[in-house]
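Summary of the model geometry
Chain by chain, the residues run as shown.
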Amino acid sequence: MKTAVLLLVAAGTAKRDEDLHALAARTRTEHRPAVARSAARAAKASRLLADHGHLLPPDLREKGQDLLNEHEFRLHAALDSANPGPALAAIEKREAGYLKAFRKLGGEGAVSKARKLPKDEERTKLRATREVLFEATGIDAEEPVWGAPFRALEGLFRAGHPVSSLAEREAPMEALGVSAKFFEDGTALTKRYHVALQPPCDCWTFGRDAVIKQAKIVAKSLKAPPLVDAWLDSIEADDARKLPSVGFGVSVEDGACKLYVLNYGGHELPPLPLVDALPRTARKQDRASSVMVSVEWKFGDMKTQQMRQYAVEAASGDVSVARQTQDERFAGDELVAALDGAFGVGQSEDIAVTAPFQYDKATTPPVVAAPLAKSGLKLKRQDGNIDSNAETDAKLAALLKAPGADAWLARSRVVRHALSNVQFGEGFVTLYRHPTVFGFVDPSSAPQHLALRNALAKNTRATRRRLDETRSSSGYLDDVTHCDEAIELFLDRAVWGANELDSTCKRDSDLAANAGTCPISCQDDVACLVVACSDCALVDVACDEAIDTAAYPELARHVGGDVDSYDDLDIEDVPAGKIVRLPCGDSGLFNTMNLWGPDGCKYPYYGFMPVDTLCDECSSMYAAREAVLDGLWDGPCNEDDPPGDDDSLTLPSNYPGCGCDCADFLRRDLSTACTATSCINVAQQYAPANSVCAGSDFKWDTTAAGCTDLYGTGTQFDSTWSGHACLDSTGATTVVQDASATCYQTQASISEADLVDYKANPKQCAVKPIYEEDDDDADGGSELVMSGGLVAIGLTFTGITIAAIANAVQEQCALGPTIVYEAGTTHPYYISPNLCTIGTKTFSSDKTVRDASPRKVCRKFCEAASEKGKLALKHVQGLTCYCKRR
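This structure is a prediction, so every number in the text was calculated from the model and none was measured.

1. Focus: the overall build of the protein chain
If you tally the helices and strands in the protein chain, you get 26 helices and 30 strands. Here the protein chain, with 886 residues, has 56% of them falling under the buried criterion.

What follows is the structure in structure tokens.
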């Protein structure tokens, strides 16, 4: 079904591109270049959507198609207008926004990585659940010791989402692998599994802090020796390097435990203690070669451990090559020959192991090599298939003649991985069902999508620090701006719903009951965006001219496919001379809100434009007015086309028509900021010295003196698309309608009081952390204490709700949903008399409190309910008010 949908999308895209190119050929000669450029950009945007559309939730795929459809409509409308030239110019100025939008749909820089990820609708729905673990291994995930690695995996994928049930599990199947060891005497070890807390790919991650936190909980549950803690500490501290793959394996019957670390993608292993003392494998490895190292111990022995190193051939070859590279280690081995004949040997493992030793950081005896007790082979995929196959399993069972192997092969097929590895030694053989392909992400799963976006798009502080160190002297971008971070955070909150403990805007705005309204949670997020981007806060914009590989030969590796201009690159890869850091301003707010704001938070439903301009400089104010009048991002001047497809929604009185906010915006007197010689090219004003950009959307040249785009004596209100309803023409003069004229007022507007409050207390807009510092569990409970008042634990308590336990632990009380919004009043938010209980103490308010914003009314309630000022506001989450002890 998914393939059919993608084919239909691709067919529609191809048809649209063909129509636009045909339109260019039919257009009047003077307009053909502009139409051709528009057609090329639309085709690029279409390909960007096709490249990573399978990773997007359905509503965002629809958003992408809507943007393409709107572009096509605007282009036709421009050509049919009385003055096509200015209309086409307006479109061309704003088309870069579409391309940026399509890149942003997957995250900055996501497209090139997304192309490498596999596409398989069925496998994206596979989950590593407790039932799968038990069926394949017989291990109960609730078992305090042996279930700890699995619970850590669950904890990562539950993080950031309110847990209504402990049965909610979202980890992908590729995070789980199983194995079994069979002996000649008929005994077997079948209660064995491993989990990847961080996979060996740029396909999903929850970040270094979350992964190491869960890993340390597992290590404590498995009573790991000191070297394990030392390795985890080293990985945690080494945030300048790529986070390696990290996982745990356990074998219940013999009490074996393992921490493994694997580098990938050409990145070096972190400087793990004693790793350089490992015996060398037969193949000489450097630190960036693909190699897995592990610490192994027996449960309960917190002193003794071994280290092991696994190296795999870089390229597949037949078994004879494997024998030669391992000093004829397999020579004469009939089993290897049989395996090679029946299945093919893709690669051979090269293993080195130490003798058991003790480690206490201060006095560690010399680490010595131990004789090899096993060797391994990696099997080729059968018919290119990574899925388990009953016929292949039966062939292998017959070949091995290992008692019990056939039963285990049938039972373990539930994990859906084909047999990946065979290891054997004196009197035993071990079979593995390990994932070999990663990146089957389900876009309908919010935790999986968050993990995907983290891997594809997120730049951690460590990455930024590394950029600072390596690029500040070479002329590249140094750091990310506060406003850019705020825009990314707004996307996380309003578009992705990445962390519902931080914001419920995405969930609230998707509710049918909230259609045509801006939920309180979203109003808060919009206000935080405005505050962060006020006062001429800066954003980074790349020049949209073609990449000059002669001037920047290091960029040649990026050019190709849909990457041909500087603005196609990840912003970190753009040379400083091709980046302008300019004010976000009102035009930036309009762009962000019209692209990414929930429909109910746009005009004519919600007035997101503040009273004061976001930047009071001439060039920024001029650009904002031009953006509104061009109308591609109509912002407050939406006069006859409400967002969304629901025609039954209630619209403001006097709509369609001039918006009061639009009229107020157009009445802003630019002469207070502009003089006749003021530069109105904001890019020219802010571009770095001695740089040139000759793009179609951005142009600057700071190698010459002065600015050629000047304000002069002022400009006419030349409306290309929108704002007509607010403009009156008298002869050759166009003015904004009189303040006494009729206009429509949105039902709700951004709270000016909130803006003042948030600016004075910016911590209110900070991301609320998923993990608290004190959630440590050594007894297998794998506790996650989350700041939103919810806790996911491995135990159930009769008669006590999970949320109540969390609130008690955090010394807070939650009232929710209790904040009520009443339109048409000066203080529209109120909380009725209510109770607030922390532990055994109940506080009460005996009066209704009102104020201008959710936070202010929550603060009033906490103060009213407290006893001699003992309660204070903690935070507001959606319609829920949280109070805390002072």
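2. Quick notes on helix H17 (residues 482–496)
Taking 1.5 Å of rise per residue, the 15 residues of H17 would be expected to cover 21 Å, and the 20 Å separating its terminal C-alpha atoms lies within 8% of that figure. Most of H17 is tucked away: 12 of the 15 residues are buried. Within H17 the residues assigned to the buried category are Cys-483, Asp-484, Ala-486, Ile-487, Leu-489, Phe-490, Leu-491, Asp-492, Arg-493, Ala-494, Val-495 and Trp-496. Gly-497 lies just past H17 and shows a positive phi near 60 degrees.

3. Digging into the sheet that holds strand E24 (residues 820–821)
The antiparallel open sheet is built from three strands, whose spatial order is E24-E25-E28. Every other strand in the sheet has two partners, leaving E24 and strand E28 (849–851) as the edge strands with one partner each. In terms of strand pairing, strand E25 (residues 829–831) meets E28 through three bridges, oriented antiparallel. Across the sheet, Tyr-830 pairs through a bridge with Arg-850, a residue of E28. Across the sheet, helix H26 (residues 854–865) touches E25 and E28, and the angle it forms with E28 is around 150 degrees.

4. Topic: the state of the cysteines
In protein chemistry, a disulfide is the covalent bond that joins the sulfur atoms of two cysteines. Summed over all chains, the structure comprises 14 disulfides. Unpaired in terms of disulfides, Cys-584 finds its nearest cysteine sulfur in Cys-483, a separation of 3.9 Å.

5. Examining the packing of helix H19 (residues 520–532) against helix H24 (residues 752–760)
Two measures define how a pair of helices packs: the angle their axes make with one another and the distance between the axes. Between H19 and H24, the shortest axis-to-axis distance is 9 Å and the interhelical angle comes to 60 degrees. Overall, the two elements H19 and H24 adopt an arrangement that is oblique. By crossing handedness, the relation of H19 to H24 is classed as right-handed. Where H19 approaches H24, its residues Asp-524, Ala-527, Cys-528, Val-530 and Val-531 are matched on the opposing element by Asp-754, Leu-755, Tyr-758 and Lys-759. Counted by class, the contact of H19 with H24 contains six nonpolar, no polar and three charged residues.

6. Some points on the environment of Asp-573
Looking at where Asp-573 falls in the secondary structure, it is placed in the loop between strand E13 (538–542) and strand E14 (579–583). Taking the C-alpha atoms as reference points, Asp-573 and Leu-555, 18 residues apart in sequence, are found 7.9 Å from one another.

7. Description of the packing of aromatic side chains
Taken as a whole and judged by the stated rule, the model has 10 aromatic pairs. Residues Phe-157 and Phe-206 carry aromatic rings whose centres are separated by 4.8 Å and whose planes lie at 85 degrees to one another, so their mutual orientation is edge-to-face. With a gap of 49 residues between them, Phe-157 in helix H8 (residues 148–158) and Phe-206 in the loop between strand E3 (192–198) and helix H9 (208–221) connect regions that are remote in the sequence. On the basis of relative accessible area, Phe-157 is assigned to the buried category, the value being 1%. Put simply, the rings of Phe-590, Tyr-603, Phe-608 and Phe-665 touch in pairs and so form one group of aromatic residues. Stacked on the ring of Phe-440, the Lys or Arg Arg-123 has its end atom at 5.6 Å from the ring centre.

8. Thoughts on the pattern of salt bridges
What the rule picks out here adds up to 29 salt bridges. Of the charged contacts, one joins Asp-442 and Lys-125 as a salt bridge, the two residues approaching to 3.0 Å between their closest N and O atoms. In this pair, Asp-442 sits in the loop between strand E12 (428–433) and helix H15 (446–456) while Lys-125 sits in the loop between helix H6 (121–124) and helix H7 (130–137), placing the two residues 317 residues apart along the sequence. Classification of Asp-442 as buried rests on a relative accessible area of 2%. Residue classification places Lys-125 among the partly exposed positions, given a relative accessible area of 41%. Salt-bridge contacts for Lys-578 lead to Glu-545; the nearest nitrogen and oxygen are separated by 2.5 Å.

9. Here's the deal with the nonpolar core
Counting residues in hydrophobic clusters, the biggest one holds 82 residues, and the most contacted among them are Tyr-193, Leu-197, Leu-222, Trp-231, Trp-297 and Leu-431. Setting aside anything within four residues of it in sequence, one finds Trp-297 in contact with Leu-222, Lys-223, Ala-224, Pro-225, Val-228, Phe-248, Gly-255, Ala-256, Cys-257, Lys-258, Leu-259 and Thr-304. Ranked by size, the runner-up nonpolar core spans 61 residues in total, among them Val-530, Trp-596, Phe-608 and Leu-614.

10. Re the pairing of strand E4 (residues 245–251)
E4 sits mainly inside the fold: seven of its seven residues count as buried. A two-sided burial pattern is seen for E4, the buried positions comprising Ser-245, Gly-247, Gly-249 and Ser-251 on one face and Val-246, Phe-248 and Val-250 on the other. Summarising the sheet, E3 and E4 pair through six bridges and their orientation is antiparallel. When the sheet's bridge partners are listed, Arg-192 is paired in E4 with Ser-251. Where E4 and strand E5 (residues 256–262) come together, seven bridges link them in antiparallel fashion. Along E5, the bridge assignment pairs Phe-248 with Leu-259. In textbook terms, the turn of a hairpin is the stretch between consecutive antiparallel strands, and for E4 and E5 this stretch comprises four residues, one of which, Gly-255, has a positive phi near 70 degrees.

Reading the values: rules and limits
Residues numbered from 1 in each chain as written. Predicted model: local features only at pLDDT ≥ 70, side-chain atom pairs only at ≥ 80, totals over all residues. Heavy atoms only, no water. Helix = DSSP H or I, 4+ residues; strand = E, 2+ residues; numbered from the N terminus. Buried < 20%, exposed > 50% of the residue type's maximum accessible area, 1.4 Å probe, protein only. Expected span 1.5 Å × (residues − 1). Pairing = 2+ DSSP bridges. Contact = heavy atoms within 4.5 Å. Axes fitted to C-alpha atoms, helices over the stretch in contact; angles between N-to-C directions. Disulfide = S-S within 2.5 Å. Parallel < 35°, antiparallel > 145°, perpendicular 65-115°, else oblique. Left-handed = near helix turned anticlockwise from the far one by under 90°. Nonpolar A, V, L, I, M, F, W, Y, C, P; charged D, E, K, R; others polar. Phe/Tyr/Trp six-rings, centres within 6.5 Å; stacked < 30°, edge-to-face > 60°. Lys NZ or Arg CZ within 6 Å of the ring centre and 35° of its normal. Salt bridge = Lys/Arg side-chain N within 4 Å of Asp/Glu carboxyl O. Core = buried A, V, L, I, M, F, W, Y, C linked by side-chain atoms within 4.5 Å.

It is worth stressing that arrangement in space is one thing and function is another; only the former is reported here.
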